[in-house]
Amino acid sequence: MKKIQISLISITLLFHFSLFSQENFEGILKFKIKIQDKTGKMSDEQSKMFMGTKQIYYLKGKKYKSELDGILKIINYHEGKDTLFTKINGADNLLYTITSKEKEKVISYVFKETDSIVLGYQCELLEVKTNKGYHQYYFNKDFKSDKENYKNHKLGLWSFFTNKTGGALSLISISDTESSRNYLKLTAIERKSLNDTIFIKPKNLKLVEIPEN
C-alpha cells in the first residue's frame with residue numbers, strides 16, 4: 001500500500017508541469033520539487049529520500065513522460081490516450097489510472113495578479129478550491145500548450161486549468177489536498193524534437209489499477 005500511496009503523490013505532481021513560449025512546446029522541462037505526505041505514512045525526510053527533489057518532463061503533444069530523482073526512480077508514462085502508467089523501481093508490475101475520470105470537483109476559483117517572475121515570465125495566479133483542498137496555479141499566457149491536448153485529461157484538473165487559462169500551464173504550482181502538499185517550480189527548459197519511443201510504457205509487466213481515494 002505504501003507504493004500505491006507514493007504513486008498517488010507522484011501522479012499529483014504530474015499535473016503541475018509547464019510549457020514555454022507562444023509556440024506549443026516540445027522538449028524537456030526540469031523542476032525543483034518539495035513533497036509533503038499528509039497521510040502519516042512518510043515523514044518529510046522520507047518523502048525527500050523516496051520521491052526526490054527534482055523532476056524531469058518529456059513533452060510532445062498529448063504525450064508525456066516524467067521522472068523523479070528519488071531512490072524509487074518513479075517514472076510516469078502517458079501515451080496520448082486516457083491512461084497514465086507508473087513504474088516504480090524494483091516493482092514487477094505497472095500501476096495505472098484513467099485520466100479521463102473526474103476525481104476532484106472544483107468548488108470555486110479566482111484569478112489574481114502577482115509579483116512572481118519565473119524564467120523572465122510575469123506570473124498570473126489561478127487559485128482553485130476543490131472538494132479535496134486547494135491549488136495555486138502560477139502561469140503566463142505566453143507559456144503554453146494547445147489546450148485541446150488536455151480537454152479530456154480531468155485527472156489533476158489539467159482540463160480545467162488549460163481551459164480557464166487558454167492553454168497556459170503552470171510555472172509554479174502549489175497543491176494542498178487531503179493526502180499531500182506539493183510544490184513545483186520550473187528551473188530549466190530544453191526545446192527539442194522527441195522520438196515517440198520515449199513515451200512507450202514498459203512491456204511484459206502485470207497491470208495493477210491504482211484504487212480511487
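This is a predicted model, so every value here is computed, not measured. (Residues numbered from 1 in each chain as written. Predicted model: local features only at pLDDT ≥ 70, side-chain atom pairs only at ≥ 80, totals over all residues. Heavy atoms only, no water.)

**Here we look at the environment of E67**
Relative to the helices and strands, E67 is located in strand β3 (residues 63-68). Placed 11 residues apart in sequence, E67 and I56 show a C-alpha to C-alpha distance of 5.3 Å. Not counting the four nearest positions on each side in its chain, E67 is found in contact with K54, Q55, I56, Y58, I74 and I75. Within the local environment of E67, its side chain forms a polar contact with the side chain of Y58, the two groups lying 3.5 Å apart. (Helix = DSSP H or I, 4+ residues; strand = E, 2+ residues; numbered from the N terminus. Contact = heavy atoms within 4.5 Å. Polar contact = N/O pair within 3.5 Å; in protein donor to acceptor, adjacent residues only side chain to side chain.)

**Observations regarding unusual backbone geometry**
Here L157, not a glycine, exhibits a phi torsion of approximately 65°, which is positive. Residue position: L157 is located in the loop between β9 (133-144) and α3 (158-164).

**Here we look at a nonpolar patch on the surface**
Residues V106, Y109 and F111 make up a contiguous nonpolar surface patch of about 250 Å² in total accessible area. Its relative accessible area of 38% is what places Y109 among the partly exposed residues. (Patch = residues over 30% accessible without salt bridge, like charges linked within 9 Å, V, L, I, M, F, W, Y side chains within 5 Å. Areas by Shrake-Rupley, 256 points an atom, 1.4 Å probe, with all protein chains shown as cover. Salt bridge = Lys/Arg side-chain N within 4 Å of Asp/Glu carboxyl O. Buried < 20%, exposed > 50% of the residue type's maximum accessible area, 1.4 Å probe, protein only.)

**Points about the side chain of E104**
Within the secondary structure, E104 is located in the loop between β6 (93-98) and β7 (106-118). Buried and unpaired, E104 has no salt bridge, with K132 as the nearest side chain of opposite charge at 6.1 Å. A distance of 2.6 Å separates polar atoms of two side chains, one belonging to E104 and the other to T130. Apart from the residues lying within four places of it in its own chain, the contact partners of E104 are T130, N131, K132, G133, H135, L157 and T177. (Lys, Arg positive; Asp, Glu negative; His and termini not counted.)

**Examining the pattern of salt bridges**
According to the stated counting rule, one finds 10 salt bridges in the structure shown. Note that E127 and K112 form a salt bridge whose closest N and O atoms lie 3.0 Å from each other. Taken together, the positions of E127 in strand β8 (residues 121-130) and K112 in strand β7 put the pair 15 residues apart, joining distant regions of the chain. Within the structure, one salt-bridge network assembled from shared partners comprises K38, D176 and R181.

**Re the sheet that holds strand β10 (residues 168-177)**
The strand order β7-β8-β9-β10-β11-β1-β2-β3-β4-β5-β6-β12 describes an open sheet built from 12 strands, whose pairing is mixed. Pairing within the sheet leaves two strands with one partner each, and these edge strands are β7 and β12 (206-209). The sheet shows a mean angle of 20° between the axes of neighbouring strands, direction not considered. As judged from the four bridges shared by β6 and β12, these two strands associate in the parallel manner. Bridging across to β12, N93 finds its partner in K206. (Pairing = 2+ DSSP bridges. Axes fitted to C-alpha atoms, helices over the stretch in contact; angles between N-to-C directions.)

**Focus: the packing of aromatic side chains**
The full count for this structure, using the stated rule, is nine aromatic pairs. A ring pair is formed by Y64 and W158, whose centres lie 4.7 Å apart and whose planes are at 45°; its orientation type is tilted. You can see Y64 sitting in strand β3 and its partner W158 sitting in helix α3, a full 94 residues away along the chain. Look at Y64 and you get buried, because its relative accessible area is 0%. The class for W158 is buried, based on a relative accessible area of 4%. Both rings, one in F111 and one in F139, keep their centres 6.2 Å apart while their planes meet at 75°; by these two values the pair is edge-to-face. With F111 in strand β7 and F139 in strand β9, the pair connects residues that are 28 residues apart, well separated along the chain. Take F111: its relative accessible area is 39%, and that puts it in the partly exposed class. (Phe/Tyr/Trp six-rings, centres within 6.5 Å; stacked < 30°, edge-to-face > 60°.)

**So, helix α2 (residues 44-51)**
All of the buried residues along α2 are S47, F50 and M51. End-on, the buried residues of α2 take up no more than an arc of 80°, which puts them together on one face. One or two steps after α2, the chain reaches G52, where phi turns positive at roughly 105°. (Arc of directions from axis to C-beta.)

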